[in-house]
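Descriptive structure summary
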Amino acid sequence: GNHTQPKFILLGITDTPWAQAPLFGLFLLIYVVTLVGNIGLMVLVWVAPSLHTPMYFFLTHLSLADVCYSTVISPKMLTGLLFGNKTISWAGCVTQFHLFALFATAECHLLAAMAYDRHVAVCHPLTYVTAVSPRACWQLLAWSYLSASLSALIYTGCTFGGSFCGPRRVDHFFCDASAVLRLVCSDARGSQATILGLAAAHGLGTGAVILLSYGRILRTVLGMRSVPSRARAFHTCAAHLVSVSVFYGTLLFMYLQPASRHGSRDKVASIFYTVVSPMLNPFIYSLRNKEVKAALRKCRRRM
């Protein structure tokens with residue numbers, strides 16, 4: 001089966017002709033803002049010595065993951081909206097899903113590492129230098145990408161390891177597991193269970209680290225006597241939790257529901273964690289931060 005029809009057809013976000021051009025303009029703008037915001041943040045952290053801290057170390061790699069998995073999906077989606085070219089080769093579909101799974105899983109672990117960093121900084125400031133040392137940061141980063149790489153291989157094998165028959169019309173704007181598995185004519189229950197279990201392990205495991213970290217931060221903040229310090233800490237936690245909620249909420253909605261419940265709502269949920277979340281992260285995590293603003297002012301003065 002896999003060699004008789006070597007291409008898939010991505011049905012896209014909508015097949016309404018009048019909506020294609022407005023959606024192209026909207027998603028092109030979002031993609032450009034995503035690239036400028038995330039790449040700009042990485043360059044700023046690289047050139048500003050004041051931002052050479054564990055928090056911004058993880059932020060740069062979060063931005064890199066956002067740029068990578070957004071680039072894996074958005075150009076193909078934009079091409080389909082502008083030119084109507086909705087076909088994608090077998091190798092292209094496998095590569096697209098594999099890279100998306102790798103960087104999306106890595107982002108889960110990076111968000112957990114960032115939450116741990118903030119937890120140590122707020123709750124255990126005296127041990128921060130040793131607990132979040134450069135070596136510890138690189139170890140957390142290596143674990144994030146190692147676990148993501150292994151998981152992406154399993155996700156990809158489960159998604160594309162079955163037999164496909166009939167027209168390969170993927171009811172999605174990218175080669176996602178739920179949409180591709182609906183085209184498998186062999187028994188896919190084992191693959192679906194494996195993907196569900198692995199997604200639950202990554203999503204709930206890293207989510208638990210984030211919730212526990214911010215729970216401890218909240219308890220420490222409530223014990224502060226200074227009202228301005230408490231307000232600043234609450235503001236920072238709220239901004240971070242908004243980004244985490246958007247990413248995790250839509251991701252868990254997609255991958256922790258039974259296969260029988262997947263439908264047209266999947267496209268809407270997917271837009272949030274593949275297109276919207278990468279655009280928002282630089283603004284939520286850094287551009288409203290005083291350290292980043294100070295670094296930007298220094299860079300402008302140098303220029």
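Residues numbered from 1 in each chain as written. Predicted model: local features only at pLDDT ≥ 70, side-chain atom pairs only at ≥ 80, totals over all residues. Heavy atoms only, no water.

- In the annotation of an unreviewed UniProt entry, the protein is listed under the name Olfactory receptor and assigned to Hippolais icterina.
- Under the Function (unreviewed entry) heading, UniProt states for the protein: "Odorant receptor."
- As stated in UniProt under Sequence similarities (unreviewed entry), the record for the protein gives "Belongs to the G-protein coupled receptor 1 family." (UniProt positions renumbered as here; feature names shortened; annotations may be inferred.)

**Points about the overall build of the protein**
- Looking only at helices and strands, the protein has ten helices and three strands in total.
- Starting at the N terminus, the α and β elements of the protein follow one another as β-α-α-β-α-α-α-β-α-α-α-α-α.
- A total of 303 residues make up the protein; the buried ones form 49% of that total.
- Taking as baseline every contact in the protein between residues at least 6 positions apart, the subset at least 24 positions apart corresponds to 78%. (Helix = DSSP H or I, 4+ residues; strand = E, 2+ residues; numbered from the N terminus. Buried < 20%, exposed > 50% of the residue type's maximum accessible area, 1.4 Å probe, protein only. Contact = heavy atoms within 4.5 Å.)

**Section: a nonpolar patch on the surface**
- On the surface, Ile39, Val43, Trp46 and Val47 cluster together to form a nonpolar patch covering roughly 400 Å² of accessible area.
- Within the fold, Val47 resides in helix α1 (residues 17-47).
- Note on Val47: relative accessible area 33%, which makes it partly exposed. (Patch = residues over 30% accessible without salt bridge, like charges linked within 9 Å, V, L, I, M, F, W, Y side chains within 5 Å. Areas by Shrake-Rupley, 256 points an atom, 1.4 Å probe, with all protein chains shown as cover. Salt bridge = Lys/Arg side-chain N within 4 Å of Asp/Glu carboxyl O.)

**With respect to the UniProt feature "transmembrane region" (unreviewed entry) in the protein**
- Residues annotated in UniProt with the feature "transmembrane region" (unreviewed entry) correspond here to residues 23-48, 55-73, 193-212, 233-256 and 268-287.
- Between the C-alpha atoms that bound residues 23-48 there is a distance of 37 Å. The span itself is 96% helix and 0% strand.
- Along residues 55-73, the helical share is 100% and the strand share 0%, with 27 Å between the first and last C-alpha atoms.

**Some points on the packing of helix α5 (residues 134-160) against helix α7 (residues 189-222)**
- α7 packs onto α5 with a crossing angle of 160 degrees between their chain directions and a minimal axis gap of 9 Å. The angle between α5 and α7 falls in the class roughly antiparallel. Crossing of α5 over α7 shows left-handed handedness. Where α5 approaches α7, its residues Ser147, Ser151, Ile154, Tyr155, Cys158 and Thr159 are matched on the opposing element by Ser191, Thr194, Ile195, Leu198, Ala199 and His202.
- Tallied by class, residues from the contact of α5 with α7 come to six nonpolar, six polar and no charged. (Axes fitted to C-alpha atoms, helices over the stretch in contact; angles between N-to-C directions. Parallel < 35°, antiparallel > 145°, perpendicular 65-115°, else oblique. Left-handed = near helix turned anticlockwise from the far one by under 90°. Nonpolar A, V, L, I, M, F, W, Y, C, P; charged D, E, K, R; others polar.)

**Describing the side chain of Lys76**
- Position of Lys76 relative to the elements: it lies in helix α2 (residues 54-83).
- As a buried residue without a salt bridge, Lys76 has its nearest oppositely charged side chain in Asp171, at a separation of 15 Å.
- With residues near it in sequence (within four places) discarded, Lys76 still touches Leu10, Asn85, Lys86, Thr87, Ile88 and Gln96. (Lys, Arg positive; Asp, Glu negative; His and termini not counted.)

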